[in-house]
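What follows is the residue order along each chain.
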Amino acid sequence: MSAAKLRFQVDSRLATLLSQEYTSTERALKELVDNAWDADADQVSIQLPKPLSGEPIVIRDDGTGMTEEELRRHYLTIAKDRRSVRGERTAGKNRQVKGRKGIGKFAGFMVASVMTLETRTRGKLCRIALQLDAIGKVEDIEHLDIALHSEDCDHSLNYDDYKQAIEYRHDFAKHITSPIQVLLIGGAFVV
C-alpha cells in the first residue's frame, strides 16, 4: 500500500470565468471603484478612451496603495476573503469593506484583455501587467509568471507619473495583439 499526497490545481480558465461574473462594463468598472473604496480612497477618476483609439481605460485613486508584500500575499491570492484576514472595516477610515469573494481583481478582464496595476505606498512603486492571453496559455494559473516592476518613488502621483505609466503600457503593448487595455493607478492619488 502506498500513500501519496495530492493537491488541487487551478486551471487558468478560472480567470476568464471570474471575469464573466460581471455582466456589463458598468458592473466591472463599479467593482474596480469598489476596490478603491476598500483602499480608503477619497477620490477616484475613470478616464474612458475615444472609441477605437487603442488607448486604455484608466482608473486612478488616492487610496492607501499596496506594498510589494501586500501585492504578493493579498492581491495575487485568488478568492481570499479580505474580511477574514483584515476584518470587516478598513484600517484608515473604518469603512465597511465591500470586497467579499477575492475575485474583483478580474473585473477588468470583462472590458479588456490586458490589465496593468500600478500602486504606490511608503515610498515604493510596484507595477504588474496581466494579459488574458498569457493566462490562458498556462495550464495551472499558479504557474503564471508575473513580472513585478518595483522602484523608489515619491508617495504622491503627478502628471509625469501618469505619463510614465502610459509609456510602460505602450512598451508592454508592443507584444500584445489586443487593443483593449485597462490601466489601474493607485495609492496616494488606479482597467
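Now for a description of the structure that goes with this document. Just so it is clear, the model here is predicted, and its values are computed rather than measured.

Cut-offs used in this document
Residues numbered from 1 in each chain as written. Predicted model: local features only at pLDDT ≥ 70, side-chain atom pairs only at ≥ 80, totals over all residues. Heavy atoms only, no water. Helix = DSSP H or I, 4+ residues; strand = E, 2+ residues; numbered from the N terminus. Buried < 20%, exposed > 50% of the residue type's maximum accessible area, 1.4 Å probe, protein only. Areas by Shrake-Rupley, 256 points an atom, 1.4 Å probe, with all protein chains shown as cover. Salt bridge = Lys/Arg side-chain N within 4 Å of Asp/Glu carboxyl O. Patch = residues over 30% accessible without salt bridge, like charges linked within 9 Å, V, L, I, M, F, W, Y side chains within 5 Å. Arc of directions from axis to C-beta. Lys, Arg positive; Asp, Glu negative; His and termini not counted. Polar contact = N/O pair within 3.5 Å; in protein donor to acceptor, adjacent residues only side chain to side chain. Phe/Tyr/Trp six-rings, centres within 6.5 Å; stacked < 30°, edge-to-face > 60°. Lys NZ or Arg CZ within 6 Å of the ring centre and 35° of its normal. Expected span 1.5 Å × (residues − 1).

## Comments concerning the overall build of the protein chain
Counting its regular elements, the protein chain contains 6 helices and 6 strands. Mapped from its N terminus to its C terminus, the protein chain presents α and β elements in the order α-α-β-β-α-α-β-β-α-β-α-β. Looking at the 191 residues of the protein chain, the share that counts as buried comes to 45%. Entry remark: accessible area of the protein chain is about 11,200 Å², with carbon and sulfur atoms responsible for 51%.

## Quick notes on the pattern of salt bridges
Under the criterion given, the structure shown has 12 salt bridges. Here D152 makes a salt bridge to K124, at a shortest N to O gap of 2.9 Å. Taken together, the residues span a long stretch of sequence, with D152 in strand β5 (residues 148-152) and K124 in strand β4 (residues 124-131) at a distance of 28 residues. Each member of the salt-bridge network shares a partner with another, and the members are K30, D34 and K98.

## Observations concerning a nonpolar patch on the surface
Together, V44, I46 and L48 line one region of the surface with nonpolar side chains, adding up to about 260 Å² of accessible area. Tracing the backbone through its elements, the reader meets I46 in strand β1 (residues 44-47).

## Quick notes on helix α3 (residues 68-75)
Among all positions of α3, only L71, H74 and Y75 are buried. Down the axis, α3 shows its buried residues gathered within 100 degrees of arc, on one side only.

## A few points about the side chain of D61
Checked against the element boundaries, D61 lands in strand β2 (residues 57-61). No salt bridge is formed by the buried D61; its nearest oppositely charged neighbour, R95, is found at 8.9 Å. Of the polar contacts made by the side chain of D61, one reaches the backbone nitrogen of G63; its length is 2.7 Å.

## Brief notes about the packing of aromatic side chains
Counted by the stated rule, this structure contains 1 aromatic pair. It is R95 that lies over the ring of W37; its NZ or CZ is 4.1 Å from the centre. The ring of Y75 has K105 sitting right over it, with the charged end atom 5.6 Å from the ring centre.

## Describing helix α2 (residues 25-38)
Taking 1.5 Å per residue, 14 residues should reach 20 Å; α2 reaches 20 Å between its end C-alpha atoms and fits that length. Among all positions in α2, only A28, L29, E31, L32, D34, A36 and D38 are buried. Just beyond α2, the residue with positive phi is D40, at close to 65 degrees.

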